[in-house]
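Summary of the model geometry
One letter stands for each residue in the lines below.
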Amino acid sequence: MANIAVVDYGMGNLRSVAKALEHVAPESSVIVTANAEELGKADRIVFPGQGAMPDCMREVDVRGLREPLLEAAACKPFLGLCIGLQMLFEHSEEGDIEGLGILPGRVVRFPAERMQDGAGNKLKVPHMGWNNVYQKQSHPMWDGIDDGSQFYFVHSFYVEPSDPAIAAGETHYPFAFTCAAARNNIFAVQFHPEKSQSTGLRLLSNFVRWSGSTDAPADKAARTAIV
Amino acid sequence: MGLSKRIIPCLDVTGGRVVKGVNFVGLRDAGDPVEIARRYDQQGADELCFLDITASSDDRGLIIQVIEDVASQVFIPLTVGGGVREVNDVRRLLNAGADKVSINTAAVLNPALVSNAAGRVGSQCIVVAIDARRIVDSSPLRWEVFTHGGRKPTGIDAIEWGRRMQDAGAGEILLTSMDRDGTREGFDLELTRAFSDSLDVPIIASGGVGGLQDFVNGVQAGGADALLAASVFHYSELTVGEVKQSLADSGVEVRV
């Protein structure tokens, strides 16, 4: 029985993530935990995040989770969500702080002077709602998900990888930004699959079946509809 | 393609059941919250809004169970409002599976609640609901904030209040026109436009929807980022799918 750990560092709504994972993987055990030993034992790690990144980083450190996260991110299927994507990078403009430095690049704010659509309408920040995700590489995590599918976003900052090879998906608001990053056993997204209806559930379902390798196709079982 | 305009059906909940009524009068049972939420989800709703209209504090806990049940089966964002008074209420609702919590009267009585809650759980979880009514003969047009379900005037200018709530950490504004609510004459487009132009956070327009064109106007004339409606969906006069089709036909980006 696969064991999926959702990292709990006291920020935001982990309940939605756990419920969605339970829905797509009824045969797995889903635990929400801040316990380093449990994270060490888990087969897969989901690293969610909500709120402000400085608060999230502080809570990760207060709970002694930095080392367990670095270890997990080095070896087992690891899914970052929202701030859980941003924290993997080296630096964030939000609070001018260091991230975990697992992926190369930085986190920046949507620049006020660029927030206009083609018709001159003001674009709001946070970027909140459903937007298209364009796949930048083939990856087992995209299995069964159409290129350009819509996912639910809520964020005011986005990641700028310094290595373009890790960009796995992009979204336009109004310019293209990286909304999914992938390297080896790590896949992380800016949007909320747990709130993105059947498409989001499909992504989570791909994750619970993913070997952690970028070239192996997801298990054929994932091809059957989940919802 | 870009960010879609959101369609948000609103469900009034009391005693663990969804109810229908006009201006809170003549409430009648309209069914099981999970069943109705699933129906809207299948129709393509982008989010759902639950308004707890429970009068008695004894029954307050029932909304928690409703949210738990819905959140286990419906995987789109859920906003819950009604009776939120302190940061603990916010946390309890989020822990039950809500994604955002809407604060209305309590924000006026205690503006620090919004900044405290946003500081604790993040702005993305905090919606400030503003019930606004036109100030008669005001020029330029002005609107006043009302509380307690639109019954109590506050003397506060609605736009000023919206800005203040944005600065306090509101992630979006749920804007209801008390003049239009229940009239089926369409959103107050001037109110919606004034908010949309004055604020940087998304605006959810609410109050007054009667037909398909009202949704189109809310986006195109009002500049709304999201559109909320209750009765047209409850009474099955329109489905979410029909509304989205009509928006798409008018060139508005929607999730299909």
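Residues numbered from 1 in each chain as written. Chains lettered and ligands numbered in written order. Predicted model: local features only at pLDDT ≥ 70, side-chain atom pairs only at ≥ 80, totals over all residues. Heavy atoms only, no water.

1. A look at the overall build of chain A
- Across its full length, chain A carries 6 helices and 14 strands.
- Expected size for 227 residues packed as a compact globule is a radius of gyration near 17 Å; at 16 Å, chain A falls within 12% of this value.
- In terms of overall dimensions, chain A has a C-alpha envelope of 55 × 40 × 30 Å along the principal axes.
- In chain A, which comprises 227 residues, the share counted as buried stands at 61%.
- Contacts in chain A between residues far apart in sequence, at least 24 positions, make up 70% of those at least 6 positions apart.
- When the accessible surface of chain A is totalled, it reaches about 8300 Å², and 47% of it is carbon and sulfur.
- Distance between charge centroids for chain A: 5 Å, based on 20 positive and 27 negative side chains. (Helix = DSSP H or I, 4+ residues; strand = E, 2+ residues; numbered from the N terminus. Rg over C-alpha atoms; globule rule 2.2 N^0.38 Å. Buried < 20%, exposed > 50% of the residue type's maximum accessible area, 1.4 Å probe, protein only. Contact = heavy atoms within 4.5 Å. Areas by Shrake-Rupley, 256 points an atom, 1.4 Å probe, with all protein chains shown as cover. Lys, Arg positive; Asp, Glu negative; His and termini not counted. Charge placed at Lys NZ, Arg CZ, Asp CG, Glu CD.)

2. Topic: the state of the cysteines
All names here are of chain A.
- Across all of its chains, the model carries 0 disulfides over all chains by this definition.
- Cysteine Cys82 remains unbridged, with the sulfur of Cys56 as its closest cysteine sulfur at 8.6 Å.
- With relative accessibility at 3%, the residue Cys82 sits in the buried group. (Disulfide = S-S within 2.5 Å.)

3. Regarding the pairing of strand β11 (residues 203-206) of chain B
Residues and elements named next belong to chain B.
- The side-chain alternation of β11 yields two buried faces, one formed by Ile203 and Ala205 and the other by Ile204 and Ser206.
- As paired elements, β11 and strand β12 (residues 226-229) share 3 bridges and run parallel to each other. By the bridge assignment, Ile204 is partnered in β12 with Ala226.
- In this view, the connection linking β11 to its parallel neighbour β12 by way of helix α8 (residues 212-220) has right-handed handedness. (Pairing = 2+ DSSP bridges. Right-handed = clockwise from strand over helix to strand, strands pointing away.)

4. Quick notes on unusual backbone geometry
Residues and elements named next belong to chain A.
- The step from Val125 to Pro126 runs through a cis peptide bond, and the omega angle for that step is 10 degrees.
- Assignment of secondary structure puts Pro126 in the loop between β7 (105-109) and β8 (127-132).
- At the junction of Tyr173 and Pro174, the peptide bond is cis and its omega measures out at -20 degrees in the coordinates.
- Note on placement: Pro174 falls in the loop between β12 (167-172) and β13 (176-183).
- Phi is positive for Cys82, which is not a glycine, with a value near 60 degrees.

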